[in-house]
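Geometric and topological summary
Spelled out, the chains give:
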Amino acid sequence: MKKYKTYLKYFIYFVISVSVIIISYRSAKPRYKPEHYTDIFKDFSWLNDWPKWLDFPLMQPLNSGFDWLIVNYGMFFEGINNFLLGLYTSMRNSIVDLPWPLVIAIVITITYFASGRKTQTTVLVAFCTFFLGFLSPRYWDKCIMTTCIVVIGMLLCIVIGIPVGIAMARNKKVRNALLPILDLMQTIPSFCYLIPGILLFGLGAVPAIIAIFVYAVPPLIRLTDLGIRLVDKEVIEASEAFGASKKQTLWGVQIPLALPNIMQGINQCTMMSLAMVVIASMIGTRGIGDEVLLGLQQLNVGMATEAGIAIVLLAIIFDRITQSYGEKMQERTQPKKKINF
Amino acid sequence: MKFLKKLIFSAFFISTFSLLGTSANAACKVHLGDFDWDSANVHTAIVSYILKNGYGCDVEVTKGSTTPIMAAHYDGQLDIITEVWRDNIVQIHEEAVAKGQIVELGVNTPSSTQGFYVDKATSDKYNLKTVEDMMKPEIAKLFADPEAPGKGRMTSCISGWTCYTINMVKHKVYGLDKFYTNFDPGSGGALDAAIAGAFKKGKPVFTYYWTPTGLMGKVDLVQLKEPAYDNACWTKMMVVVEDIKANGPDAYKDTCASAFVDMSLTKSATTKFANDPANKPIIDFVKKYSVPTAEVNKALGFYMTADGDLEATAKDFLQGSSAWTEWMPADVAAKVKASL
C-alpha cells in the first residue's frame, strides 16, 4: 500500500512536468517553433542547444500579476506607505531638530544602561558617535536618517520575525513550509525586490524599509527558532510537571532561556539592515549611503571611502549596543558558574 | 571503468583546446563595454553583431553601470564604448582624453533630447505647457513630496552626473526650488521604475527625462517649454555648475539658464586599441557608425517587444535599413548580409 502511494507521487510529478512542457511549447512564439510539433521527433538538432520553444512562460504571468497588484491593491500599499513614512518622518525630524551634543548624550545614556553600566563600551560608542559628525559635518543628519530607517526596519523585523520564529519552533509543518521561503528571501538579488518596491511604494525611505525587512528578517527568524528548540527538554518537562500550561511554558521558560539567541538574531538583523540601507541609496533613499554612491559616481575614491568609514562607525555603534545588551541578558538567564578550587 | 574515465578526460581536454583554438584563430578580439540602459544595449548589440559576422571578431561584452564601466574603459580593460553620454561625465571623460587613455570616435546618435516632463493627462487637465506653469502652490501639491511636506517632487537626474547639478541650478534660476525638491532617484533603473509605477497607478508625474529611451515609447510624457537654448547663457551656467560640482551647493551664484542643448552621444575607444594597426578596419567602421534618433527609437520599440532578445533586435535593425552598408567595405557588408 505504501509503495503504491510513492509510485502515485512520482506519477503526479511526471504528469505535472509533462503538462508544464506542453504549456511552454504552446505559449512559445511561432518563430521559435518548428512548423509542426511532430518535427521534434524527426529532427533532433534541438538537442544541441537549449531550444527556444522549451521556455517556461513565467515572465508574462508575473508581470500581469504585478500589474494587477498595483491596480487593485494600490490603496492598501498606499496605506502601508503612509504609515511607515509618517513614522519615519516624525522620528527623523524630531532627532534632526535636537542639538547634536544632546543626541550624543542620549546615545551615551542608552549604551550605559543597555550594556549594564560597562564604561569601556560606553566610551567606545560615544567616541564613534562623535566621530560621525567629526568626519564631515554633512554626515551627521544623513547618519540620523539612516539610523531612523534601520530602527524602523528592525522594529518591523522584531514584531513579525520573533512570533514567526516561535511558530516555527513549535510546529514542524510551519517550519517545513517557511524554510524555503527564508532561503528565497536570503538569496534573491536585492534589486529583484528593490525595483518592484519603487513601483508599489514610490521612491524614498519606504521601499528601503521593506527591503530591510526582506533581507534582515530571516536570520532573526532562524535564530529565534533555534533558540527555542535548544531549550533543554528536561527543563520543559519540569515545568510541565509543575502544571504549567503551554502558554506559561512558552513565556516563563522557553523565551527567557532562548533570549541570548534571540538577541544574537536581533544583532545580526541590525547589521544586515545597515548593509541594505546602503544599497537602498540606489533607489533614492536619503542617508549616508548616498555619500558613498555620489563618491563612486564621480570616481572620487576618497569621498566614497570617507563615507564608508562613517558607515562602519555606525555599524560599531549598533553592534556594541545590541551585543552588550545581549550579554547582559545572558548573564541574567545563565549566570556563569563559579568554580571553587 | 578506467577507460571510460580516460575517455571523458581526453574529450574534455580536446574540447577545451579546440575552443581555445577557435578564439586564437579569430581575426581580432574586441571587448565592448555596455551600460544599464536600453539604447546603449541596442547599439552594442548592433556593433557586436557586425563585428562578429562581418569582421569575424571574437566579441566580448561587459555590462554595468556608468562609473565602473567607464573606469574600466579608461583603464584600458574595455576596448570600445558605443554610446557615451559625454556631457554627463564631461570632466572625467575629457581628462581621460587629455591623458591619452582614450580617443573619441565621433557621434553615435546626432541628437538626443533632455528636459523636464509632465505626464500628458495632468498637463492637459491643468494646462501645463511651460516651466512657468508649474510654479503655483496648487500645482506643486499635485506632485507632493511625501518626505518634504509642503513641496512637490521632481524626480531628477542621478546625483554625481552633471545633469543633476544642471537641474539644481535651473531650479534656482527658474524659481522652481521654492515649489519642488530636486529629488535624486539614485540610479537609472530606479528613475524608470518611479515613472512607470506612477503611470500604472495613474498618478501625476513631474520628472527629468531624456530620449532616445524605450520607456518614452511606452508612456505619454509632455516636455515643458523652457527658455530657448542660448549658447552664451549655457556657457555662463556651466561655469556655475562646475563650481558647484567642485565646491558644493553653497557655491551657487545667480546666473542664467536655458533649455538643454541637443546633446550628441559619442563613441570612444582606448588609445592602445585604436593605435594597433590590426584594428584599423574596426576603428574605421566604429567611426562611421551613426544612427538617427528616429531609427534608434524604432529599434528600441522592437527591443521592448522581443522580450530582451538583443540579437533579434540587431538583426531586425540590419534587415530594416541598408544605410549601414556604407559604414564598412563591400565584402564585409556582404558577409553581414549573408548572415541575416
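Residues numbered from 1 in each chain as written. Chains lettered and ligands numbered in written order. Predicted model: local features only at pLDDT ≥ 70, side-chain atom pairs only at ≥ 80, totals over all residues.

**Focus on the overall build of chain A**
Quick note on the threshold: Numbering of helices and strands starts at the N terminus; helices are DSSP runs of H or I of at least 4 residues and strands are runs of E of at least 2. To get the radius of gyration, use the C-alpha atoms; to get the globule rule, take the number of residues to the power 0.38 and multiply by 2.2 Å. With C-beta atoms placed from the backbone, a contact is any residue pair whose C-beta atoms sit within 7 Å.
What chain A contains, in helices and strands, is 13 helices and zero strands. A compact globule built from 341 residues would reach a C-alpha radius of gyration of about 20 Å, whereas chain A, at 26 Å, exceeds it by more than 25%. Reported as C-alpha extents along the three principal axes, the dimensions of chain A are approximately 80 × 65 × 45 Å. Within chain A, residue pairs in contact and separated by at least 24 positions form 76% of the contacts whose partners lie at least 6 positions apart.

**A closer look at the overall build of chain B**
This is how the line gets drawn: Each residue is classed by its C-beta neighbour count within 10 Å, where at least 20 other C-beta atoms makes it buried, 12 or fewer makes it exposed, and intermediate counts make it partly exposed; the C-beta atoms are placed from backbone geometry.
The helix and strand tally for chain B stands at 16 helices and nine strands. Along the longest, intermediate and shortest principal axes, the C-alpha atoms of chain B span 80 × 45 × 45 Å. Going through the 340 residues of chain B one by one, you find that 40% of them count as buried. Long-range contacts, defined as pairs at least 24 residues apart, comprise 77% of the intrachain contacts of chain B with a sequence gap of at least 6.

**A short note on the interface of chain A and chain B**
Going by this rule: Lys, Arg, Asp and Glu make up the charged group, whereas Ala, Val, Leu, Ile, Met, Phe, Trp, Tyr, Cys and Pro make up the nonpolar group; the residues left over, Gly among them, are polar.
Taken together, the 24 residues of chain A in the interface contact 23 residues of chain B. Where the side of chain A that touches chain B is concerned, the elements lending two or more residues are helix H3 (59–97), helix H8 (191–201) and helix H12 (289–297) of chain A. When residues in the side of chain A that touches chain B are grouped by element, the largest group, six residues, is from H3(A). Here the residues of the side of chain A that touches chain B are counted per class, giving 14 nonpolar, eight polar and two charged.

**Here's the deal with the domain arrangement of chain B**
Interface extent is often summarised as the accessible area lost during association of the parts. All names here are of chain B. Applied cut-off: These domain limits were set by an automatic method or by a database of domain assignments.
By the assigned domains, chain B splits into domain 1 (27–111 + 263–339) and domain 2 (112–251). Between domain 1 and domain 2, the C-alpha centre-to-centre distance is 29 Å. In this complex, domain 1 contributes 19 residues to the contact, which on the side of domain 2 involves 13 residues. Within the residue set of the side of domain 1 that touches domain 2, elements represented by two or more residues are helix H2 (38–53), strand E4 (102–119), strand E9 (263–270) and helix H14 (293–305).

**A closer look at the confidence of the model for chain B**
Residues and elements named next belong to chain B. The criterion, for reference: For every residue, the predictor assigns a confidence score, pLDDT, that lies between 0 and 100.
For chain B, per-residue confidence averages 84 on the pLDDT scale, and 92% of positions sit at 70 or higher. This stretch, residues 16–24, has a pLDDT under 50; its non-local contacts, to residues over four places away or in other chains, come to one contact. Confidence metrics for the complex model read pTM 0.77 and ipTM 0.72.

**As for the environment of Leu226(A)**
All names here are of chain A. With respect to the helices, strands and loops of the structure, Leu226 is situated in helix H9 (residues 205–229). On the neighbour-count criterion, Leu226 (17 C-beta atoms within 10 Å) is partly exposed. Spatially, the C-alpha atoms of Leu226 and Ile279 are 29 Å apart, while their sequence positions differ by 53 residues.

**Section: the packing of helix H8 (residues 162–174) of chain B against helix H11 (residues 231–247) of chain B**
Residue and element names in this part refer to chain B. Let me state the cut-off plainly: Axes here mean lines fitted to C-alpha atoms, for a helix over just the part in contact, with angles spanning 0 to 180 degrees between N-to-C directions. Take the far helix as your reference; a near helix turned counterclockwise from it by less than a right angle gives a left-handed crossing, and one turned clockwise gives a right-handed crossing.
In the contact formed by H8 and H11, the axes pass within 9 Å of each other and the chain directions differ by 115 degrees. Viewed along their axes, H8 and H11 form a crossing whose handedness is right-handed. On the side of H8, the interface is formed by Thr162, Thr165, Ile166 and Val169, while H11 contributes Met237, Val240, Val241, Ile244 and Lys245.

**Details of the nonpolar core**
Short version of the rule: A set of buried residues qualifies as a nonpolar core if it consists of Ala, Val, Leu, Ile, Met, Phe, Trp, Tyr and Cys joined through C-beta atoms within 7 Å.
In terms of nonpolar packing, the biggest core is built from 106 residues, with Ile149(A), Ala208(A), Ile209(A) and Leu314(A) touching the most fellow members. In terms of residue count, the dominant contributor to this core is H9(A) (16 residues). The residues contacting Ile149(A), other than those within four sequence positions of it, are Tyr88(A), Ala205(A), Ala208(A), Ile209(A), Val277(A), Thr285(A) and Gly287(A). With 43 residues, the next largest nonpolar core counts Phe35(B), Ala45(B), Trp85(B) and Val286(B) among its residues.

**Overview of unusual backbone geometry**
Between Thr211(B) and Pro212(B) the backbone carries a cis peptide bond, its omega angle lying at 0 degrees. The phi torsion at Arg117(A) lies on the positive side, around 55 degrees, for a residue other than glycine. Within the secondary structure layout, Arg117(A) lies in the loop between helix H4 (100–114) and helix H5 (119–135). Residue Asn127(B) is not a glycine yet carries a positive backbone phi of 55 degrees. By the element assignment, Asn127(B) lies in the loop between helix H5 (120–126) and helix H6 (131–134). Taking the number of C-beta atoms within 10 Å as the measure of exposure, Asn127(B) has 9 and is therefore exposed.

**Some thoughts on H3(A)**
Note the following rule: An expected span of 1.5 Å times one less than the residue number is assigned to each helix. A residue's bend is given by the angle between axes fitted to the 7 residues ending at it and the 7 residues starting at it.
For H3(A), built from 39 residues, the straight-helix expectation of 57 Å at 1.5 Å per residue is missed by more than 12%, its first-to-last C-alpha distance being only 47 Å. Within H3(A), the axis deviates most sharply at Tyr73(A), by approximately 75 degrees.

**Looking at the pairing of E9(B)**
Residue and element names in this part refer to chain B. Note the threshold: DSSP bridges decide pairing: two strands pair if at least two such bridges lie between them.
As judged from the three bridges shared by strand E3 (residues 80–84) and E9, these two strands associate in the antiparallel manner. Opposite Ile81, over in E9, you have Ser268 as the bridge partner. The pairing of E4 with E9 spans six bridges and is antiparallel. Bridge assignment links Glu104 to a residue of E9, and that residue is Ser268.

**Some remarks on the domain arrangement of chain A**
Per the domain assignment, the segments of chain A are domain 1 (2–47) and domain 2 (63–333). Between the C-alpha centres of domain 1 of chain A and domain 2 of chain A the distance comes to 45 Å.

**Quick notes on the confidence of the model for chain A**
Taken as a whole, chain A shows an average pLDDT of 88; of its residues, 97% reach a score of 70 or greater. Confidence, expressed as mean pLDDT per element, reaches its minimum in chain A at helix H2 (residues 39–42) of chain A with 80 and its maximum at helix H7 (residues 172–187) of chain A with 94.

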